[in-house]
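Tertiary structure, described
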Amino acid sequence: MFERVLSFLRDLPAAGETRPSADDPRVAASALLYHVMNADGVRQDVEWERFKQILAETYSVSGEELDALAAAGERADNEAIDLYAFTSVLKRDLDAEARKAFIGLMWEIVYADGELHELEDNTVWRVAELIGVERHDRIEARRKAAAEAPGARGNSSDE
């Protein structure tokens, strides 16, 4: 199932050579992943590396193309006034399973530093709600990411 999701994400339109827009699904995903990485106000190197690794694996990009996608996500997030512009793109372009998998990727970034901050938790909750991922699926994705994160702390109950 996860391979099917990755295959779908890889087949989405390319971010493009010119300044990509937030309505590009790859940029929307990058912006949301970037946003959750910075939700607690501290961007650690391990989070940045996980962010880029997820982009590289999900979209089969590397080098300059990876840097451009990461920069486009950062720029889009910094210019956004809310998350709806990004979540509406993902809700439109991803099926239910791919949306669940995306929430799993968000949790991987949250737990990259081994900690769960309430602002990160709230961000994932809001994104999940906006893209139509059920509470139990969000919680299960969080538990899985927490279990796989070395030295994870902050695994308190959801809500």
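Preceding block: the structure.
In this report, we go over the structure that sits alongside the text. Here the structure is a predicted model, which means the values were calculated and not measured.

Structural notes on the nonpolar core
In this structure, L33, F51, F102, I103 and W107 are the most contacted members of the largest nonpolar core, which totals 44 residues. Broken down by secondary-structure element, the contributors of at least two residues to this core are helix 2 (25-37), helix 3 (45-59), helix 4 (63-79), helix 5 (84-93), helix 6 (96-110), helix 7 (118-131) and helix 8 (135-148). In terms of residue count, helix 2 provides more of this core than any other element does, 9 residues in total. Not counting chain neighbours up to four residues away, the residues in contact with W107 comprise L116, D121, V124, R138, A141, R142 and A145.

Some remarks on the packing of aromatic side chains
When we look at a pair of aromatic rings, we describe it by the centre distance and by the angle of the planes. Scanning all chains against the criterion turns up 4 aromatic pairs. When the centroid spacing of 6.4 Å and the interplanar angle of 90 degrees are considered together, the rings of Y34 and W48 count as edge-to-face. Here Y34, found in helix 2, pairs with W48, found in helix 3; they are 14 residues apart in sequence, far enough to count as distant. The class for Y34 is buried, based on a relative accessible area of 6%. Arranged with centres 5.2 Å apart and planes meeting at 35 degrees, the rings of W48 and F51 form a pair that is tilted. Note that W48 and F51 are positioned in helix 3 at a spacing of 3 residues, about one turn of the helix.

Remarks on the packing of helix 2 against helix 5
Here helix 2 crosses helix 5 at 130 degrees, and the two axes come no closer than 9 Å. Here helix 2 is positioned oblique relative to helix 5, judged by the angle of their axes. For the crossing formed where helix 2 meets helix 5, the hand is left-handed. Of helix 5, the residues touching helix 2 (which contributes P25, A28, A29, A31 and L32) are F86, T87, V89, L90 and D93.

Some points on the environment of A80
Topologically, A80 is positioned in the loop between helix 4 and helix 5. C-alpha of A80 to C-alpha of A31: the two residues are 49 residues apart in sequence and 9.1 Å apart in space.

Criteria and cut-off values
Residues numbered from 1 in each chain as written. Predicted model: local features only at pLDDT ≥ 70, side-chain atom pairs only at ≥ 80, totals over all residues. Heavy atoms only, no water. Core = buried A, V, L, I, M, F, W, Y, C linked by side-chain atoms within 4.5 Å. Buried < 20%, exposed > 50% of the residue type's maximum accessible area, 1.4 Å probe, protein only. Helix = DSSP H or I, 4+ residues; strand = E, 2+ residues; numbered from the N terminus. Contact = heavy atoms within 4.5 Å. Phe/Tyr/Trp six-rings, centres within 6.5 Å; stacked < 30°, edge-to-face > 60°. Axes fitted to C-alpha atoms, helices over the stretch in contact; angles between N-to-C directions. Parallel < 35°, antiparallel > 145°, perpendicular 65-115°, else oblique. Left-handed = near helix turned anticlockwise from the far one by under 90°.

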